[in-house]
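Breakdown of the fold
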Amino acid sequence: MGSAKFLSVFSPASKQQRQDNFENYWEFTQQHGGQLFEDNKDLAKKRAKLAHFKANPVSLRTPLADPDAFYRNCVDMKDDPQSLDKITLMLTGMYKFARHEWVGIKGAWDVVPNMANSHTVEDKISRVHLAEEFCHWRLFDEMLRTCGLEKVEWVPLSPGKEWIYEQFPKVPGFLMDSPAFVTELMGVTYYFYLDRLIDELLVDEPEVRIRLKELLDEITIDEIAHVGQRRNFIGPVGIKVSKMLVKPFYKLFFADIPEVGILFDIDQMIKDGEAFDFNEVPDYMVERSWIPSYCKA
Ligand SMILES: [Fe+2]
Ligand SMILES: [Fe+2]
């Protein structure tokens, strides 16, 4: 492993290194996403990418056998999941994952300072980060539509659960930074598994397979940057706590998405999360993403 380019995401970092990395990330994120359209929770470059995909649609050669199975099970699993085919499980699982993300960011958007009231580089980074997450939700929506699920609707959680999500961003940073970091790490782990599953399940659907992977890449490249960025909020004690949180967090989150445990090996996902060091990230993603300086060998 002497040639490894990157170090564990749990590698230590000094306060000065973290401050420098925030500045560096802020430079990166502005050119990466382009102009922030705050009223629309959108970013110029991401908007253009999505518009390009929508203007050049592709569709399945063989449409989904039972789209109603998706609509019936996407919010809550009503059928016996073992009775569903793997493509349906992949798509309902994606919906559930994206819905969690969507609910979380809706709650946070109204609570964190807007750009006009962001006075620190960390606040500005967080505002753009949230806008990127809204773009991910739109990209997931497009992935489902690409599979012919034109009737997909985004259903809010119950008001009580939505309220709980709205409280998270109000919790002080030293308590929330580790969970926020581990959540991003979990996202990256899931997206890498999802990418391989798309290859496996859509061998006979080259156009849709390629498109889904292009859409997912747009998300994954951002999320890799988010992993480093959220890690950068964390001090020496918090980073140890974060590593301990990987297992319970992954287990807790995926317990709500039964599809994940059927399609993937959650114990292996946890091991991958604990061992994450950017070396498995393909070069074309590294080039477009961001990695903290102290994670570079
Ligand atoms: Fe995301
Ligand atoms: Fe993210």
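Further remarks concern the overall build of the protein. Helix and strand content of the protein: 12 helices and two strands. Secondary structure elements in the protein, listed N-terminal to C-terminal, are α-β-β-α-α-α-α-α-α-α-α-α-α-α. A globule of 297 residues ought to have a C-alpha radius of gyration of about 19 Å, and the protein, at 19 Å, matches this closely. Dimensions of the protein along its principal axes, counting C-alpha atoms only, are 55 × 45 × 40 Å. Counting every position in the protein, which comprises 297 residues, the buried fraction comes to 35%. Counting only contacts in the protein whose residues sit at least 6 apart along the sequence, the fraction spanning at least 24 positions is 78%.

A separate point is the nonpolar core. One finds L91, M94, M143, L144, V182 and L185 to be the most contacted residues of the largest nonpolar core, which totals 63 residues. The dominant element in this core, judged by the number of residues it contributes, is helix α4 (residues 86-109), at 11 residues. Apart from residues lying up to four places away in sequence, V182 is in contact with S242, L245, V246 and F249.

A word on unusual backbone geometry. Its identity is not glycine, yet K41 carries a phi of approximately 50°, on the positive side. Tracing the backbone through its elements, the reader meets K41 in the loop between β1 (36-37) and β2 (42-43). The phi angle at F278 is positive, at roughly 75°, despite the residue not being glycine. Along the chain, F278 turns up in the loop between α11 (266-274) and α12 (283-288). On the basis of neighbour counts, which here come to 23 C-beta atoms within 10 Å, the residue F278 falls in the buried class.

It is worth spelling out helix α5 (residues 121-146) at this point. Its 26 residues give α5 an end-to-end C-alpha distance of 37 Å, which sits within 8% of 38 Å, the value for a rise of 1.5 Å per residue. G148 lies just past α5 and shows a positive phi near 90°.

The next thing to look at is the packing of helix α7 (residues 173-201) against helix α8 (residues 206-231). For the pair α7 and α8, interaxial distance at closest approach is 9 Å and the crossing angle is 160°. In terms of axis orientation, α7 runs roughly antiparallel to α8. The way α7 lies across α8 gives a crossing that is left-handed. From α7, A180, F181, E184, L185, G187, V188, Y191, L194, D195, I198 and D199 reach across to α8, where they touch R209, L212, K213, L216, I219, T220, E223, I224, H226, V227, R230 and R231. By residue class, the composition of the contact of α7 with α8 is 12 nonpolar, three polar and eight charged.

At a minimum axis separation of 10 Å, α7 and α11 run at an interaxial angle of 125°. Considering the angle they form, α7 stands oblique to α11. The way α7 lies across α11 gives a crossing that is right-handed. Side by side, α7 and α11 meet where L185, M186, T189 and Y193 of the first sit next to M269, D272 and G273 of the second.

The next point concerns the environment of K271. Mapped onto the elements of the fold, K271 is located in helix α11. Residue K271 is classed as partly exposed on the basis of its C-beta count, with 14 C-beta atoms lying within 10 Å. Distance from K271 to S83, taken between C-alpha atoms, is 29 Å for residues 188 residues apart in sequence.

Within the secondary structure, R196 sits in helix α7. For the pair R196 and F278, spaced 82 residues apart in sequence, the C-alpha separation works out to 17 Å.

With respect to the helices, strands and loops of the structure, V128 is situated in helix α5. C-alpha of V128 to C-alpha of E280: the two residues are 152 residues apart in sequence and 26 Å apart in space. Apart from residues no more than four positions distant in its own chain, V128 is found in contact with T29, G33 and L36.

What counts and how
- Residues numbered from 1 in each chain as written.
- Chains lettered and ligands numbered in written order.
- Predicted model: local features only at pLDDT ≥ 70, side-chain atom pairs only at ≥ 80, totals over all residues.
- Helix = DSSP H or I, 4+ residues; strand = E, 2+ residues; numbered from the N terminus.
- Rg over C-alpha atoms; globule rule 2.2 N^0.38 Å.
- Buried ≥ 20, exposed ≤ 12 C-beta atoms within 10 Å, placed from the backbone.
- Contact = placed C-beta atoms within 7 Å.
- Core = buried A, V, L, I, M, F, W, Y, C linked by C-beta atoms within 7 Å.
- Expected span 1.5 Å × (residues − 1).
- Axes fitted to C-alpha atoms, helices over the stretch in contact; angles between N-to-C directions.
- Parallel < 35°, antiparallel > 145°, perpendicular 65-115°, else oblique.
- Left-handed = near helix turned anticlockwise from the far one by under 90°.
- Nonpolar A, V, L, I, M, F, W, Y, C, P; charged D, E, K, R; others polar.

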